[in-house]
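Listed here are the chains, written in short residue letters.
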Amino acid sequence: MTEFFIQENHLSTATRTIVKDADGRSLFLLVGHWGRKGNVLSLYAMSGEIVASIKQASVIFGRKFEIYQGQAKVGTLHKIFNWPGDFYYIKQLNWAVHGNIYQHRYAINHFNDRVMTMDKATLLTGDYYVLDVTQTSDAPICICIAAIMDYWLYNRKKDRKPSLQIRFSAE
């Protein structure tokens, strides 16, 4: 397994996010925007080559994200259900994402084979998300999936429609 480190609270923000290895070397740069249909988050190798990207495909009737490796679409991530735990599926890859999304402790499986695990770690330089990826070639897609999970976690409150409030003022 290969470990990848992402500074906590930087994964789903609109800022630039650096993905590092266990030795602290920068490997990938994640940039883009979230929130509207058509928005894209792109993952670049430090050489400048785009290795993966995520496109927000739907905002109504449940969010869907298209995942690309290089320029080729490899799948669409859908939320299946969230009780008793979150469960997401990428049909084209036959990957299932399950676990405790709220605590950033989850796994990606291809049937019974583990593709990735996500956890947290505290290092001297701060708090990090740690992605343990079984095959290094899957790392770009796994990093993109981790960004989607983080986005869904921190934007759940925005999904709720505001309730109608009537205010009376005394004049």
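The present account deals with the structure reproduced in this document. These numbers come from a predicted model, not from an experiment.

### A short note on the side chain of aspartate 132
For aspartate 132, the location among the structural elements is in strand S12 (residues 126-133). Put simply, aspartate 132 is tucked away with no salt bridge, and the nearest opposite charge, on arginine 114, sits 8.7 Å away. Sequence-distant contacts of aspartate 132, that is, excluding residues within four places in its chain, are made with Met1, Thr2, Glu3, Val115, Met116 and Thr117.

### Re the pattern of salt bridges
Evaluation of the coordinates by the stated rule reveals five salt bridges. For arginine 25, the salt bridge goes to aspartate 21, with nearest N and O atoms at 2.8 Å. Among the ionic pairs, lysine 73 bridges to glutamate 66, the shortest N-O distance being 3.5 Å.

### Quick notes on the pairing of strand S10 (residues 105-110)
Relative to S10, strand S9 (residues 95-100) is paired through six bridges, and the arrangement is antiparallel. When the sheet's bridge partners are listed, histidine 98 is paired in S10 with alanine 107. If you look at the hairpin formed by S9 and S10, you'll find four residues sitting between the two strands, and histidine 104 has a positive phi there, around 60°. The pairing of S10 with strand S11 (residues 113-123) spans five bridges and is antiparallel. Within S11, the residue paired with alanine 107 across the bridge is threonine 117. Counting the residues that bridge the hairpin from S10 to S11 gives two residues, and of these phenylalanine 111 lies at a positive phi of roughly 55°.

Thresholds applied
- Residues numbered from 1 in each chain as written.
- Predicted model: local features only at pLDDT ≥ 70, side-chain atom pairs only at ≥ 80, totals over all residues.
- Heavy atoms only, no water.
- Helix = DSSP H or I, 4+ residues; strand = E, 2+ residues; numbered from the N terminus.
- Buried < 20%, exposed > 50% of the residue type's maximum accessible area, 1.4 Å probe, protein only.
- Lys, Arg positive; Asp, Glu negative; His and termini not counted.
- Salt bridge = Lys/Arg side-chain N within 4 Å of Asp/Glu carboxyl O.
- Contact = heavy atoms within 4.5 Å.
- Pairing = 2+ DSSP bridges.

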